[in-house]
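Architecture at a glance
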Amino acid sequence: MNLKSIEIHGFKSFANKTKLKFNNRFSLIVGPNGSGKSNIADAIRWVLGETSLKNIRGENLSDVIFSGSDLSKAMNFAKVSIIFSNEDRKLPIELDEVEVTRKVYRDGESKYLINNKNVRLKDIRELFLDTGVGKEGYSIISQGKIDEILSSKPNERRKIIDEASGIAKFKYQKEESLKKLKNTDENLIRIKDILYGLE
Ligand code: ATP
């Protein structure tokens, strides 16, 4: 599973549709200060479901949308698509390529897509569980992250180890099952109440 390309349109400083292709081995992004290098890392985090504005250096939801410049007017939406090769089927989809897209409009409307089909944020999270990619992933190491990991609380550090060792998925599935069991128990209590009322 490799990152093949990313297409950014209307996200932060990327007013024009911009496509970056990555090769299997090593890709480097260089540019002057303020040219948008970190915005690319933000775009990758964002499309993978980042919900903390702080983690993508924003304060308001609309901070991710191009706000205009001397040359171009502000945009109404931000859209990022990322393509992973999936020949090794690391992602649980029977296709050689998986494309994930996130789009948000200024009025707050937002959507996620996997291979052009509308999905929920939950589906994006589940897709990348135990791959090292995604919200709890360790595949994006930003400035200061190593220090943060070293000085973090043991339970925070444990999350990274869980993801790397492949047990995060099972923990997630256990939590989901416990939620369903709780709902079922509540439904049973309600049914008992109804039956009691009918007797
Ligand atoms: P450095 O090398 O200094 O870390 P960089 O190449 O990583 O810089 P970024 O931090 O990615 O640069 O980009 C900063 C630029 O992005 C700033 O010029 C900022 O004005 C612009 N920018 C951020 N958000 C938006 C937005 N919503 N609309 C337009 N421009 C934006």
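Cut-off values and rules
Numbering of residues begins from 1 in every chain and follows the order in which that chain's sequence is written. Totals for whole chains, interfaces and linings use all residues, but because this is a predicted model, local features are given only for residues with pLDDT of at least 70 and pairs of side-chain atoms are given and counted only at 80 or more. Every helix listed is a DSSP run of H or I at least four residues long, and every strand listed is a run of E at least two residues long, numbered separately from the N terminus. With C-beta atoms placed from the backbone, the exposure class of a residue follows from how many other C-beta atoms lie within 10 Å of its own: 20 or more, buried; 12 or fewer, exposed; in between, partly exposed. Residues are scored as being in contact if the C-beta atoms we place from backbone atoms lie within 7 Å. Whether a residue is near a molecule or strand depends on its C-beta atom, generated from backbone atoms, being within 6 Å of that molecule or strand. Under the convention adopted here, Pro, Cys and the residues Ala, Val, Leu, Ile, Met, Phe, Trp and Tyr are nonpolar, Asp, Glu, Lys and Arg are charged, and Gly plus all remaining residues are polar. One requirement defines pairing of two strands: DSSP has to find at least two bridges between them. Every angle, taken between N-to-C directions, lies between 0 and 180 degrees, and every axis is a line fitted to C-alpha atoms, over only the stretch in contact when it is a helix. Buried Ala, Val, Leu, Ile, Met, Phe, Trp, Tyr and Cys residues form a nonpolar core when they are connected through C-beta atoms within 7 Å. UniProt positions are given in the numbering used here, feature names are shortened, and annotations may be inferred rather than shown by experiment. Starting at the helix axis, one direction is taken to each C-beta atom, and the arc is that of these directions.

This part covers the overall build of the protein chain. If you tally the helices and strands in the protein chain, you get five helices and six strands. Ordered by position from the N terminus, the helices and strands of the protein chain form the series β-β-α-β-β-β-β-α-α-α-α. Counting only C-alpha atoms, the protein chain reaches 75 × 40 × 40 Å along its principal axes. In the protein chain, which comprises 199 residues, the proportion classed as buried is 20%. Long-range contacts, defined here as pairs at least 24 residues apart, represent 52% of the contacts in the protein chain between residues at least 6 apart.

As a further point, take the site of the ligand. Every one of the 14 residues lining the ligand counts as a neighbour, but S13, N33, K37, S38 and N39 are closest to it. For the shell around the ligand, a count of residues per class yields two nonpolar, nine polar and three charged.

Taken in spatial order, the six strands make up an open sheet running β2-β1-β3-β4-β5-β6, and their pairing is antiparallel. In this open sheet, the two edge strands, each paired with only one partner strand, are β2 (18–21) and β6 (117–119). Each strand of the sheet is rotated relative to its neighbour by a mean of 20 degrees, with strand direction disregarded. For strand β1 (residues 2–9) and strand β3 (residues 77–85), the ladder comprises seven bridges, and the chain directions are antiparallel. Bridge pairing links I8 to V80 in β3. Its contacts with the sheet put helix α1 (residues 37–47) on β1, β2, β3 and β4 (97–105), and the angle it makes with β3 is roughly 80 degrees. Running at roughly 40 degrees to strand β5 (residues 110–114), helix α2 (residues 121–128) makes contact with β4, β5 and β6 of the sheet.

Before going further, it helps to examine the nonpolar core. Nonpolar side chains in soluble globular proteins generally cluster together in the buried interior. Core analysis: the largest hydrophobic core is formed by 28 residues, its most contacted members being F11, A43, V47, V64, A78 and V80. Elements with a minimum of two residues in this core: α1, β3, β4 and α2. Leave out the neighbours within four places in its chain, and V80 touches I6, I8, F11, A43, W46, V47 and R102.

For α1, the complete set of buried residues consists of I40, D42, A43, R45, W46 and V47. At its buried positions, α1 is contacted by β1, β2, β3 and β4. Directly after α1, the chain includes G49, whose backbone phi takes a positive value near 105 degrees.

With numbering matched to this structure, UniProt assigns "binding site: ATP" (unreviewed entry) to P32, N33, G34, S35, G36, K37, S38 and N39. Inspection of the secondary structure puts G34 in the loop between β2 and α1. Exposure remark for G34: the 9 C-beta atoms within 10 Å place this residue in the exposed category. With respect to the helices, strands and loops of the structure, N39 is situated in helix α1.

What follows concerns α2. What α2 keeps buried is the set I124, L127 and F128. Down the axis of α2, the buried side of the element spans an arc of 85 degrees, and every buried residue falls inside it. D130 sits one or two positions beyond α2 and adopts a positive phi of about 65 degrees.

Counting through the fold element by element, N24 comes out in the loop between β2 and α1. Residues N24 and N2 lie 22 residues apart in sequence; the distance between their C-alpha atoms is 6.6 Å.

Bridge count for β4 against β5 is five bridges, and the pairing is antiparallel. Bridged to V100 within β5 is I114. Linking β4 back to β5 in an antiparallel pair, the connection comprises four residues, with G108 at a positive phi of about 100 degrees. Where β5 and β6 come together, three bridges link them in antiparallel fashion. Looking at the pairing, L113 lines up with N118 of β6. Hairpin geometry of β5 and β6 is characterised by an intervening segment of two residues between the two adjacent antiparallel strands and by a positive phi of about 45 degrees at N115.

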